[in-house]
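Descriptive structure summary
Read off the chains here:
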Amino acid sequence: MKTITKVLCGAGVLALAGLVPYCVKTDDETGACKVKALLWNMEKTMEGEQATYVIDVLPFIQIGAKAVEEDIDEESDTE
């Protein structure tokens, strides 16, 4: 029973260590921010008033998601 408890505690510690950020860089002038952890990365960039977030899950495997809001020009469709 003690061995199972030690293995589960070790797995929990490793999972927690992979989720906790080890590096946070911010740029006060532009509002950009980068956060790095072992199992994920996040990057926020500012373009005027619009923010773009890029989140990489398991960055060493190159799996990621990108969410961007785009302004739609409605006047160009009415030509």
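Residues numbered from 1 in each chain as written. Predicted model: local features only at pLDDT ≥ 70, side-chain atom pairs only at ≥ 80, totals over all residues. Heavy atoms only, no water.

1. Points about the overall build of the protein chain
A tally of regular secondary structure across the protein chain gives one helix and five strands. N-terminal to C-terminal, the α/β element order of the protein chain is α-β-β-β-β-β. Within the protein chain, the proportion of its 79 residues that are buried is 11%. Here the analysis covers contacts within the protein chain between residues at least 6 apart in sequence; of these, 0% occur between residues at least 24 apart. With an accessible surface of roughly 6900 Å², the protein chain has 59% of that area assigned to carbon and sulfur atoms. (Helix = DSSP H or I, 4+ residues; strand = E, 2+ residues; numbered from the N terminus. Buried < 20%, exposed > 50% of the residue type's maximum accessible area, 1.4 Å probe, protein only. Contact = heavy atoms within 4.5 Å. Areas by Shrake-Rupley, 256 points an atom, 1.4 Å probe, with all protein chains shown as cover.)

2. What to know about the side chain of Asn-41
For Asn-41, the location among the structural elements is in strand β3 (residues 40-47). Residue Asn-41 is classed as buried on the basis of its relative accessible area of 19%. Once you skip the residues sitting within four places of it in the chain, Asn-41 turns out to touch Val-35, Lys-36, Val-54, Ile-55, Asp-56 and Pro-59.

3. Some details on helix α1 (residues 2-19)
For α1, which comprises 18 residues, the first-to-last C-alpha distance of 26 Å matches the rise-based estimate of 26 Å (1.5 Å per residue) to within 8%. α1 sits mainly on the outside: one of its 18 residues count as buried. (Expected span 1.5 Å × (residues − 1).)

4. A few points about the confidence of the model for the protein chain
Chain-level pLDDT for the protein chain is 79 on average; 77% of the residues reach the 70-or-more range. Here strand β5 (residues 63-67) stands out as the least confident element of the protein chain, with mean pLDDT 57; strand β2 (residues 33-36) is the most confident, with 93. (pLDDT = per-residue confidence, 0-100.)

5. Quick notes on a nonpolar patch on the surface
A cluster of nonpolar side chains, namely Leu-19, Tyr-22, Leu-38, Leu-39, Phe-60 and Ile-61, defines an oily patch on the protein surface of about 650 Å² accessible area. Mapped onto the elements of the fold, Leu-19 is located in helix α1. (Patch = residues over 30% accessible without salt bridge, like charges linked within 9 Å, V, L, I, M, F, W, Y side chains within 5 Å. Salt bridge = Lys/Arg side-chain N within 4 Å of Asp/Glu carboxyl O.)

6. Thoughts on the pairing of β2
Residues of β2 alternate between two faces, with Cys-33 and Val-35 buried on one and Lys-34 and Lys-36 left unburied on the opposite face. As paired strands, strand β1 (residues 23-26) and β2 are joined by four bridges and run antiparallel to one another. Bridge assignment links Val-24 to a residue of β2, and that residue is Val-35. In textbook terms, the turn of a hairpin is the stretch between consecutive antiparallel strands, and for β1 and β2 this stretch comprises six residues, one of which, Gly-31, has a positive phi near 85°. Relative to β3, β2 is paired through four bridges, and the arrangement is antiparallel. Note that in β3 the partner of Lys-34 across the bridge is Glu-43. If you look at the hairpin formed by β2 and β3, you'll find three residues sitting between the two strands. (Pairing = 2+ DSSP bridges.)

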